[in-house]
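# Reading the structure
Spelled out, the chains give:
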Amino acid sequence: MIWKEMEDYVRIFDTTLRDGEQCPGAAMSEDEKVEIAQHLARMKVDIIEAGFPVSSPVQFKAVERIAREIEGPTICGLARALRPDLEAARDALKPAKSKRIHTFIASSPIHMKHKLGKSPTEVLEMARIAVRMAKDFVSDVEFSPEDATRSEWEFLRELVEAVIEEGATTINIPDTVGYTTPQEYMDLFRFLKEKVKGADKVIFSAHCHNDLGLAVANSLATVLAGGRQIECTINGIGERAGNTAMEEVVMALKTRKDTFGVETRINSTLITRGSHLVKTITGMVVQPNKAIVGANAFAHESGIHQDGVLKNRQTYEIMTPESVGLKSNRMVLGRHSGRAGFKDRIVRMGFDPKPEEIDNAYNRFLEIADLKKEVFDEDIAALFQAEISRSQVDETHRLLSFEQNTGSDKTPFAKVTLLTNGETKVGEAKGDGPVDSIFKAINSVTGLSPLLSRLVISPVTEGTDAMAEASVTLESGERRVVGKGDSTDIIEACAKAYINALNRL
């Protein structure tokens, strides 16, 4: 098949579960990976890079399960240009109806010399062998010359031409360290598409890191040069400064089709829920002014802006909140709202609730409604997501009540009452602060004392009565889990998150 015969749209290759998870503190459990993959499938992502199978048994199992359970997208596994990696990817991907192996090898002088200790000739041969082997395993093979944007163009041309001869179907040109600029990257894509023999038979792909804050701009530039796949993550999570943000790419192509001429196949109305899901699972907070999915992305405080939007939304909104899954106004639910209205709001926000999830979430909603003046969509999304997370874990321990005593001249003291394996138990402890004391009190009941490696507390909405979301990362041996909790009380949110994490352990 030649390029002109291919459908002209931009493929979205989502690597939230692979490159995104490499972000410090963003490790996900197998169930959490599957949950995100299910949402990516609903969003109509073209390719899901599910993980790096050879890296660990946990990674292998997660990729295999996603390959077995997720339908629609192509499921991809990453592999270095080494036989064990390629065989592990092959085996993990066996259950998938549509599968891809993504193999890579460094191509820049600095990487070949200092990381690989290989000559260009040796790298070229290793790439040939790897793609040839991958092609024996699957029909869909992607090849990446790592650190391509710092590679010598002529060597890159030779390398890409060689792997196309061996059967590669997608050529990814990664900006591995976020070094390039839009014009340079566009020029590189045009050079390869014009000079590489067989370039018309493959899809060219962009994979950009955000070290200079240019990942999205660089990725979009390649579309103008004929690139038709963009590798990205939800919320732009990833190593160092992160990756290309999927939501920004999708909405840029959709909003500015007059410039780019092509779009994606993504259901953009599920973007906000996907963002919240990844934020909740990883504990990676989304800054309020983040494009598309930040809390302020569709907020207008300036009087001039408000006046303009009231007269015509297009004065200050280049896209609608509805297009990314938000409501244009904040419809307020309160303590007098019924179960039917609550369920209707949950469904309209993009969730597919089970009856028991609705019941439990509604009871939590009533508790919050008694504490808050207004309950916004963001609050409802947070508590419902927390209910989904809680329902997926056996509730060995549950917080019944707590007491806290602290002050500038007092040693913080906490007392907790837990339901543990059906038995009510009380624990108390002093600590270095309110959170430390309540965690120690919980430990005194459970008999567990894992390492707390990360604690993130973030408000769901604005105001002094805002609901807080807490994310706790615990480590015990080689296991790492993330627990979630929410409440209008920060200490209670932390306690719930800690207990949720203990239950996962």
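Figured I'd write up the structure that's included with this text. (Residues numbered from 1 in each chain as written. Predicted model: local features only at pLDDT ≥ 70, side-chain atom pairs only at ≥ 80, totals over all residues. Heavy atoms only, no water.)

Tallied over the full model, the rule gives three cavities of 30 Å³ or more. Roughly 120 Å³ of volume is contained in the largest cavity. Lining the largest cavity we find 15 residues, and of these Lys279, Thr280, Glu469, Ala470 and Lys484 sit closest to its centre. Of all the secondary structure elements, the ones that give two or more residues to the lining of the largest cavity are α11 (271-282), α15 (377-391), β12 (451-459), β13 (468-476) and β14 (479-487). Residue classes in the lining of the largest cavity are distributed as five nonpolar, six polar and four charged. (1 Å grid on protein atoms, 1.4 Å probe; cavity = no way out; pocket = protein on both sides within 12 Å on 5 of 7 lines; lining within 4 Å. Points joined across faces, edges and corners; volume = space filled by probe spheres on them. Helix = DSSP H or I, 4+ residues; strand = E, 2+ residues; numbered from the N terminus. Nonpolar A, V, L, I, M, F, W, Y, C, P; charged D, E, K, R; others polar.)

Moving on, we get to the pattern of salt bridges. This model, assessed by the stated rule, comprises 33 salt bridges. Across the salt bridge formed by arginine 100 and glutamate 142, the nearest N and O atoms sit 2.7 Å from each other. You can see arginine 100 sitting in strand β4 (residues 99-106) and its partner glutamate 142 sitting in strand β5 (residues 141-146), a full 42 residues away along the chain. Take arginine 100 and glutamate 142: they sit in the same class, and that class is buried. One connected set of salt bridges, linked through shared partners, spans Glu30, Asp31, Lys61, Arg65 and Glu69. (Salt bridge = Lys/Arg side-chain N within 4 Å of Asp/Glu carboxyl O. Buried < 20%, exposed > 50% of the residue type's maximum accessible area, 1.4 Å probe, protein only.)

Reading around the barrel, the eight strands line up as β1-β2-β3-β4-β5-β6-β7-β8 and close back on themselves, with parallel pairing between neighbours. Averaged over all pairs of adjacent strands, the angle between their axes in this sheet comes to 25°, without regard to strand direction. Bridging between β5 and strand β6 (residues 170-175) involves two bridges; their strand directions are parallel. By the bridge assignment, glutamate 142 is partnered in β6 with threonine 170. Lying on the sheet, helix α9 (residues 246-255) is in contact with β1 (11-14) and β8 (229-232); it crosses β1 at an angle near 170°. (Pairing = 2+ DSSP bridges. Axes fitted to C-alpha atoms, helices over the stretch in contact; angles between N-to-C directions. Contact = heavy atoms within 4.5 Å.)

Below, the discussion takes up the environment of valine 262. With respect to the element layout, valine 262 can be found in the loop between α10 (257-260) and α11. What makes valine 262 buried here is its relative accessible area of 2%. Counting along the chain gives 59 residues from valine 262 to proline 321, while the straight-line C-alpha distance between them is 21 Å. Setting aside chain neighbours within four positions, we find valine 262 in contact with Asp8, Val10, Val223, Arg228, Leu253 and Lys257.

In short, the description is geometric, and any link to function would need to be established separately.
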